[in-house]
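Chain by chain, the residues run as shown.
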Amino acid sequence: MTAPMTAPMSTLYRRALLAACAGLTLTLAAPLTQAAEAIRITSIQELSGTGATAGTNFKNGMDLAIKEINAAGGVLGQKIDVTFADTQSNPGVAKGLAQKAVDDDVFAVFGPGFSGSILVSMSETRRAKIPNFTGGEAASVTLQGNPYVFRTSFGQQTSMPKAARYMVQNLKAKTVAVIYVNNDFGKGGRDMITKSLEVMGAKVVADISTDPGKLDFSAPVLQAKQSNADVIFVYTNEEEAARCLRELKKQGVTKPIFGETVLTGQKVIELAGDAANGAQAHIGLSVDAPVPTMRAFRARFEKAFGYIPDHNGIKGYTSVYVMKAGIEKVGKVDRAAFAKAMQGLSVSAAKYPGVLMDVSYNDKGDLDRESFIVEVRNGKQEVKEVLPALSKK
């Protein structure tokens, strides 16, 4: 009697065991399937060192956009999974982090923001054919024929002619003193503004180089003051710009002070205090722009992080939404197809409010959209003039 029962019991046991194992397999596989369906990206930013202000703003902007997109169902039903990494404002570290992103086989890389860092790190993402968004503004970033690099802001070849035109036509500048930071970002800006001013018939009479992280601006400001230039053009990183503005006020400089984006950024205004009042700049992005989507973004960012974002926060936020628009245009998560679609892509803010303003890309990865002339008054940016996108002129 024992023998006949053994076989059925053994069969039932095996069936139960197989069923349990199958259930276990399904349970364990579920997270793996979800991970495979996520759109994995890496953000390589200057979170410490001289670029910490810019990098932290960019990171927070990305964070906000990713949370919004994921909460709304993701991109083509897939969530975005981001990893943040700190370049320490060091090009060598940035290159190593780009290599790691390639090894991780991510869909896209965001950053670095420093021009010197992106110029060395994008060779890694280009080799692996990984789309790479950057806030770096040096003209050379998109002049190398890299089909996988895309800007989150104007390049110097777009912004500097606008800045030069305003200084000559509106500020009546015939002579200009240029104070710039001696790195890839600063030297590229210095070269482009000098060329643009020459085209407009103005002359640079003081060409003043300063070191990254410079603390004492008394000598550069004195040199600019003694040049008796009609306008002083300041093109440095955030902290240096604030120190320069304080020194300009200390030395009683009364000539117009003009810059490009950074000079009138929120962090510079906070650091410079009263010395920022009166500074003017051409900027591509401002949370104080008379654009409803921009004002709404400012409110959400300030609620999330407890401070007012600068242009880098806008760049981080909008870049994620541009990626979303590009993927959805392609209809699938495919790096090569995405990069091809980005060349000539136009994104409407009416359809994708997250881009904040209508934006279009050319075949080099440069973008085009409206920009602004602003002046700091009573501790905040005030838009003086809205400049149309180049394609709308």
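Refer to the structure above for everything that follows.
The structure presented is a predicted model; accordingly, all values stated were derived computationally and were not measured.

Enquirer: An account of the pairing of strand β6 (residues 175-181) is requested, with residue identities and associated values reported.
Expert: Buried residues dominate β6, accounting for 6 of its 7 residues. In this view, the connection linking β6 to its parallel neighbour strand β7 (residues 203-210) by way of helix α6 (residues 184-199) has right-handed handedness. As paired elements, β6 and strand β8 (residues 231-235) share 5 bridges and run parallel to each other. Bridging across to β8, Ala-177 finds its partner in Ile-232.

Enquirer: So, the packing of helix α2 (residues 52-71) against helix α10 (residues 292-305): which residues are in play, and what are the values?
Expert: Their axes nearest at 11 Å, the elements α2 and α10 cross at an angle of 100°. In terms of their interaxial angle, α2 and α10 are classed as roughly perpendicular. Taking contact as the criterion, the partners of Asn-57, Asn-60, Gly-61, Asp-63, Leu-64 and Glu-68 in α2 are, on α10, Phe-297, Arg-300, Phe-301, Ala-304 and Phe-305.

Enquirer: So, unusual backbone geometry: which residues are in play, and what are the values?
Expert: Each neighbour pair has its own omega, and for Gly-111 with Pro-112 the value is 0°, a cis peptide bond. Within the secondary structure, Pro-112 sits in the loop between β3 (108-110) and α4 (115-127). At Lys-129, a residue that is not glycine, the phi angle is positive and equals roughly 55°. Counting through the fold element by element, Lys-129 comes out in the loop between α4 and β4 (132-134). One non-glycine residue, Asn-378, adopts positive backbone phi at about 50°. With respect to the helices and strands, Asn-378 occurs in the loop between β14 (371-377) and β15 (380-387).

Enquirer: Lay out the packing of aromatic side chains with the relevant residues and their values.
Expert: Here a ring pair, both rings aromatic, is described through the centre-centre distance and the interplanar angle of the planes. The final tally for this structure, using the stated rule, is 14 aromatic pairs. Between the aromatic rings of Tyr-166 and Phe-258, the centroid separation amounts to 5.6 Å while the plane-to-plane angle is 15°, which identifies the pairing as stacked. With Tyr-166 in helix α5 (residues 156-169) and Phe-258 in strand β9 (residues 257-260), this residue pair connects regions lying 92 residues apart in the sequence. Of the two residues, Tyr-166 and Phe-258, both sit in the buried class.

Enquirer: Requested: an account of the sheet that holds strand β10 (residues 280-283), with residues and values cited.
Expert: Adjacent strands of a sheet form backbone hydrogen bonds with each other and so pair up, either parallel or antiparallel. Strand order in the open sheet formed by 7 strands is β7-β6-β8-β9-β10-β14-β15, and the pairing between neighbours is mixed. Bordering the open sheet on either side are β7 and β15, each of which pairs with just one other strand. Between one strand axis and the next, the sheet turns through 25° on average, direction left out of account. Against the sheet, helix α7 (residues 218-226) touches β6, β7 and β8, its axis set at about 175° to β7.

Enquirer: Help me get a handle on the nonpolar core, residues and values and all.
Expert: Core analysis: the biggest nonpolar cluster contains 51 residues, and Met-167, Ile-193, Leu-197, Phe-233, Leu-245, Leu-248 and Phe-258 have the highest contact counts within it. Setting aside residues no more than four positions away along its own chain, Met-167 makes contact with Lys-172, Ala-173, Ile-193, Leu-197, Val-231, Phe-233 and Phe-258.

Enquirer: For the sheet that holds strand β2 (residues 80-86), give the residues involved together with the corresponding values.
Expert: Strand order across the open sheet formed by 5 strands is β2-β1-β3-β4-β5, with parallel pairing between neighbours. The open sheet has two free edges, formed respectively by β2 and β5 (149-151), since each of these has just one partner strand. The mean inter-strand angle of the sheet, taken between neighbouring strand axes irrespective of direction, is 25°. Note: strand β1 (residues 39-45) against β2, 7 bridges, orientation parallel.

Enquirer: Tell me about the pattern of salt bridges, and name the residues and values.
Expert: The tally for this structure, following the rule as stated, stands at 17 salt bridges. With a shortest N-O distance of 2.8 Å, Arg-190 and Asp-191 are connected by a salt bridge. Taking relative accessible area as the criterion, Arg-190 reaches 26% and is therefore assigned partly exposed. Among the residues examined, Asp-191 registers a relative accessible area of 42% and is labelled partly exposed.

Enquirer: Outline the side chain of Gln-156, supporting the account with residue identities and numerical values.
Expert: By the secondary structure assignment, Gln-156 is in helix α5. Here Gln-156 falls in the buried class, since its relative accessible area comes to 0%. Polar side-chain contacts of Gln-156 include one of 3.0 Å to the side chain of Tyr-235. Among residues more than four places away in sequence, those in contact with Gln-156 are Glu-137, Ala-138, Ala-139, Pro-161, Phe-185, Gly-188, Gly-189, Met-192 and Tyr-235.

Enquirer: Could you give me a rundown of α7, with the residues and numbers involved?
Expert: Restricting attention to buried positions, one finds in α7 the residues Pro-220, Val-221 and Ala-224. Down the axis of α7, the buried side of the element spans an arc of 95°, and every buried residue falls inside it. Among the exposed residues of α7, those pointing more than 90 degrees away from its buried face are Ala-219 and Gln-226. In this structure, the buried side of α7 is in contact with β6, β7, β8 and α8 (238-250). A positive phi of about 55° marks Asn-228, the residue just after α7.

Enquirer: Quick rundown of the side chain of Ser-89? Include the residues and the values.
Expert: On the secondary structure map, Ser-89 appears in the loop between β2 and α3 (91-103). Residue Ser-89 is classed as buried on the basis of its relative accessible area, which comes to 15%. Within the structure, Ser-89 has its side chain in polar contact with the backbone nitrogen of Thr-50 (distance 3.4 Å). Excluding its chain neighbours within four sequence positions, the residues that come into contact with Ser-89 are Glu-46, Ser-48, Gly-49, Thr-50, Gly-51, Ala-52 and Phe-114.

Definitions and cut-offs
- Residues numbered from 1 in each chain as written.
- Predicted model: local features only at pLDDT ≥ 70, side-chain atom pairs only at ≥ 80, totals over all residues.
- Heavy atoms only, no water.
- Buried < 20%, exposed > 50% of the residue type's maximum accessible area, 1.4 Å probe, protein only.
- Helix = DSSP H or I, 4+ residues; strand = E, 2+ residues; numbered from the N terminus.
- Right-handed = clockwise from strand over helix to strand, strands pointing away.
- Pairing = 2+ DSSP bridges.
- Axes fitted to C-alpha atoms, helices over the stretch in contact; angles between N-to-C directions.
- Parallel < 35°, antiparallel > 145°, perpendicular 65-115°, else oblique.
- Contact = heavy atoms within 4.5 Å.
- Phe/Tyr/Trp six-rings, centres within 6.5 Å; stacked < 30°, edge-to-face > 60°.
- Core = buried A, V, L, I, M, F, W, Y, C linked by side-chain atoms within 4.5 Å.
- Salt bridge = Lys/Arg side-chain N within 4 Å of Asp/Glu carboxyl O.
- Polar contact = N/O pair within 3.5 Å; in protein donor to acceptor, adjacent residues only side chain to side chain.
- Arc of directions from axis to C-beta.

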